[in-house]
Amino acid sequence: MITTVTMNPSIDIAYTLDELRIDQVNRVKTVNKTAGEKGLNVARVLHLLADDVLATGLVGGQHGAYIKEQLDQSGITHQFLPIKGETRDSIAILHGANQTELLESGPVVTEEEQHKFTEHFARLMETTDIFTISGSLPQGFSKNYYAELLALTNEKGTRVLLDTSGQTLLEVLEGKEKPFLIKPNLEELGELVHQTISSATSLDEIQSLLDHPLFEGINWIVLSLGSKGAIAKVGGHFYQVTIPKIAVVNPVGSGDSTIAGLAHALSKSYTIEETLAFAMACGMANAQQEKTGWIDPVKVDYFRGEINVRKIR
């Protein structure tokens, strides 16, 4: 089973506008509300791929009840730990080719609730082959909480795909407990190594940065390059992933769909090249859907055949 962990879920609300007008009334043409945040997007895509998936994390209040109801309607199995605080909203305003996000911080989680979740997580390890841990931690948690979870999974040998950023990711990278896989983008990589990186950064420079001691002990590093594909470091070897140009409808959730594709492919023991192609195809398929964290498996099969993966070192 693949278990997706979402510590700070939300109701994801996407507003579609032709143009965002500041200090004026904006009439919204389309509104999509989704049981969301990164980990729930992963769970949804894995469900669409017909994987055995369980969604877990923390939910509370009426928003939390809405999220569970939405997952029930989608047929996605879940085992959340209830908390007293109210689950948050996350708003994405899609205007033209731009995207503006308004993200609430979320509830404050008590020490007792944190302890209960750690025990809950440990029980789920008994039936989980791969964990995906996605997104931010809610208020109340220490920044190194993910390292605590990794200590449990590493002791058992359970693979963890960690998709977080900022200080939360840095705490993990600087500690001794490493995830099996991380998936930063260029901006996040630059923050980690304290260097400005852009799309003009050379392939050799990127490889050198991924050889940084900060990333020692991590089996897979998949560096997202947006429309230019990805660079992956797997077991000391580098792979370049080139993707075709596509018409983008809604890019929200594409990174989460890529994580879902990685988890699916790893659970099926695909080759490295097959895994990278399948994961990127999931991200591309999501970008062509209006819904967040949604794919058409037929498009995934088509795109994976259009993606080029080559070993470069």
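Residues numbered from 1 in each chain as written. Predicted model: local features only at pLDDT ≥ 70, side-chain atom pairs only at ≥ 80, totals over all residues. Heavy atoms only, no water.

Under an unreviewed UniProt entry, the name given to the protein chain is Tagatose-6-phosphate kinase, and the source organism is Enterococcus durans. The annotation that UniProt attaches to the protein chain under Pathway (unreviewed entry) is "Carbohydrate metabolism; D-tagatose 6-phosphate degradation; D-glyceraldehyde 3-phosphate and glycerone phosphate from D-tagatose 6-phosphate: step 1/2." Its UniProt record gives the protein chain a comment under Catalytic activity (unreviewed entry), which states: "D-tagatofuranose 6-phosphate + ATP = D-tagatofuranose 1,6-bisphosphate + ADP + H(+)". (UniProt positions renumbered as here; feature names shortened; annotations may be inferred.)

Counting residues in each nonpolar core, the largest one holds 49 residues, and the members touching the most others are L161, L181, W220, V222, V241, L276 and I307. Counting residues per element, this core draws most heavily on helix 9 (residues 272-287), which supplies 9 residues. In this view, I307 contacts V241, T242, I243, P244, A277, M280, A281 and M284; residues no more than four positions away in its chain are not counted. (Core = buried A, V, L, I, M, F, W, Y, C linked by side-chain atoms within 4.5 Å. Buried < 20%, exposed > 50% of the residue type's maximum accessible area, 1.4 Å probe, protein only. Helix = DSSP H or I, 4+ residues; strand = E, 2+ residues; numbered from the N terminus. Contact = heavy atoms within 4.5 Å.)

A word on the UniProt feature "domain: Carbohydrate kinase PfkB" (unreviewed entry) in the protein chain. In the UniProt entry, the feature "domain: Carbohydrate kinase PfkB" (unreviewed entry) is given for residues 7-292. Counting secondary structure, residues 7-292 comes out at 37% helix and 24% strand; the distance between its end C-alpha atoms is 19 Å.

Let us look at the pattern of salt bridges. Applying the stated rule across the entire model yields 8 salt bridges. The partner of D18 in a salt bridge is K29, with the nearest N and O atoms 2.8 Å apart. Here the residue D18 occupies a position in the loop between strand 2 (10-17) and strand 3 (30-36), and K29 occupies one in the loop between strand 2 and strand 3, the gap between them amounting to 11 residues. Each of the two residues, D18 as well as K29, counts as exposed. D256 is paired through a salt bridge with K38; the nearest N and O atoms lie 2.9 Å apart. Within this pair, whereas D256 is found in helix 8 (residues 254-267), its partner K38 is found in helix 1 (residues 38-48), the two being separated by 218 residues in sequence. Judged by relative accessible area, K38 falls into the partly exposed class, the value being 25%. A network of salt bridges, in which partner residues are shared, links K38, D163 and D256. (Salt bridge = Lys/Arg side-chain N within 4 Å of Asp/Glu carboxyl O.)

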